[in-house]
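Chain residues, written in single-letter form:
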Amino acid sequence: MQSVDDAVTDVALATKKFFKRVLPIMLVMLVCNQLNRSNIGYAQEHLQADVGIGAAAYGFGAGLFFIAYAIFELPSNVMMEKFGAKVWLARIMISWGIVSFLMAFVQNETMFYVLRFLLGAAEAGFFPAVIFYFARWVPAGQRGKATAIFIAGSSIAAALSGPIAGLLLSLHDVLGLRGWQWLFGFEGLLSVAVGVVVFFLLDAKIQDATWLSAGEKAALSAAIAHEDAQHAASSPGKGTLNRWKMLLNPQILLLCGIYFAVQLSIYANTFWLPTIVKRIPGTTDLSVGFLSAIPWVCAVIAMYFAARWQDKAKSKRPLLVAALLVAAVGTLAAAVASPVLALVFLAVAAMGFKSASPLFWTIPQSGLHPMILAPAIAIINSLGNLGGFVAPFGFGLIKEQTGSVVPGLFALAAASTIAAGLVYFLKERRTEAAADRTAGESAEEAAAELATSR
């Protein structure tokens, strides 16, 4: 019979192996995801010159991605539960890679709109599928860490996207192809290749993992099963959840509004940062790619320190407010500064709005009842991501009407400020430290059950 201490040790070892083996695979997937989301930002002027896609059309097409994403996210989650996270993640990657590859052959605005919509439909459910995969493999006490690392990886991915885009755009006229065709074609095929590899590298179930010992498999499975049983016991189990009624929940509405503002800043910068950087005299496609990486590198550093402060904080609300206000001040300063200083202030803004994202997700986890948490997160993610439509489309309209993105930066600063005010109306039911203690107790209880069953 295995002792409780041995079972707890096996859970810890299994989780550590997951972080070393599986999390890097997820981060590679995230890099491919970011490349295919943001590449049109670097191709925007080339698409205008070669295909005739103006600023407003570009902004609308960039935003259509998020309309499709919102429409298809919940159906995608249903299919994921049917086929499993492993199969569905591979399907998502391969399909979005194919659509991105087809962008290399875009010929007019209509084709651009259709492909951007299809890209959003193909990618829908990616983030929830990753979170669901974590929930099937990582005990609750370590799940927040895994999620935080994954979200932080989006900034690393964004930092890599600029230099990679610059290098690919510099292949202009190689083999008779435009630089932007190399950009879409290469990054699309890369996602397809990674999707195929993911299918063979990821394991569908804990029991399929050859890199875990028999004891580690049993201990980790027991810990996850015990947490599932506790979650089921905490829910009444009567009736069905009405997602439309959930939209009337004031807390969920607040969370949607705040996340919408965060997404506004993230995707306005994702799609329009290269255009802003190009205002700096003497820049080329290559230099724009490398300079555009600066704000995202700064964001990675800020997110590291925010995560450390978050671990010590009893309440996440003040930290989230601070992050949103930093985003507002940086964006406002960028709107009135010279092109070079604007890049510096946008780096400050990125430190704010990228840090706000992982801080934000700790609040619904602590403030919402477990019974509604999963569907609530799906709703918040779907509606909040509509900021990814409003931001690029709004910027495109503003640029086409005024010839400048400066008014759009003012609007972003205002949105972040309003969101900071809304944070104080959110509820936090317990601290993260308390959650970790509960998770630790659950792991010990599960280990005890496993030990006595042997």
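First things first, this report covers the structure right here in the doc. Bear in mind that the values here come from a model prediction, so they are computed numbers and not experimental data. Numbers given for residues are sequential positions, taken from 1 along each chain in its written order. Under the rules for a predicted model, residues below a pLDDT of 70 receive no local features and side-chain atom pairs below 80 are neither given nor counted, while totals for whole chains, interfaces and linings still include all residues. Side-chain measures here rest on the full set of heavy atoms in the structure, leaving out hydrogens and waters.

**What to know about the packing of helix α2 (residues 55-83) against helix α5 (residues 126-137)**
- Fitted lines through C-alpha atoms serve as axes, helices being fitted only where they are in contact, and the angles separating the N-to-C directions of these axes extend from 0 to 180 degrees. Numbered from the N terminus, helices here are DSSP runs of H or I no shorter than four residues, and strands are runs of E no shorter than two. Look at α2 against α5: their axes get within 9 Å of each other, and the N-to-C directions meet at 30 degrees. Like other packed secondary-structure pairs, α2 and α5 cross with a definite hand, here right-handed. Of the residues in α5, those in contact with Y69, E73, N77 and M80 of α2 are F126, F127, P128, A129 and F132.
- The class makeup of the residues in the contact of α2 with α5 is seven nonpolar, one polar and one charged. Crossing handedness follows the turn of the near helix against the far one: under a right angle anticlockwise gives a left-handed crossing, and clockwise gives a right-handed one. The contact criterion used is simple: two residues touch if any of their non-hydrogen atoms lie within 4.5 Å. Amino acids outside the nonpolar list (Ala, Val, Leu, Ile, Met, Phe, Trp, Tyr, Cys, Pro) and the charged list (Asp, Glu, Lys, Arg) are all regarded as polar, and Gly is one of them.

**Remarks on α5**
- In this model α5 runs 17 Å from its N-terminal to its C-terminal C-alpha over twelve residues, within 8% of the 16 Å that 1.5 Å per residue would give.
- When a residue's accessible area, from a 1.4 Å probe over protein chains only, is under 20% of the maximum for its type it is buried; when over 50% it is exposed; and in between it is partly exposed. A large share of α5 lies buried, amounting to nine of its twelve residues.
- Within the sequence span of α5, burial applies to F126, F127, P128, A129, V130, Y133, F134, A135 and W137. In this scheme, a helix's expected span is set at 1.5 Å multiplied by one less than its residue total.

**Focus on unusual backbone geometry**
- The phi dihedral of D173 is positive, around 70 degrees, even though this residue is not glycine.
- Considering the arrangement of structural elements, one finds D173 in the loop between α6 (140-169) and α7 (179-201).
- The phi angle at L175 is positive, at roughly 55 degrees, despite the residue not being glycine.
- Along the chain, the position of L175 falls in the loop between α6 and α7.
- For L175, a relative accessible area of 71% translates into the label exposed.

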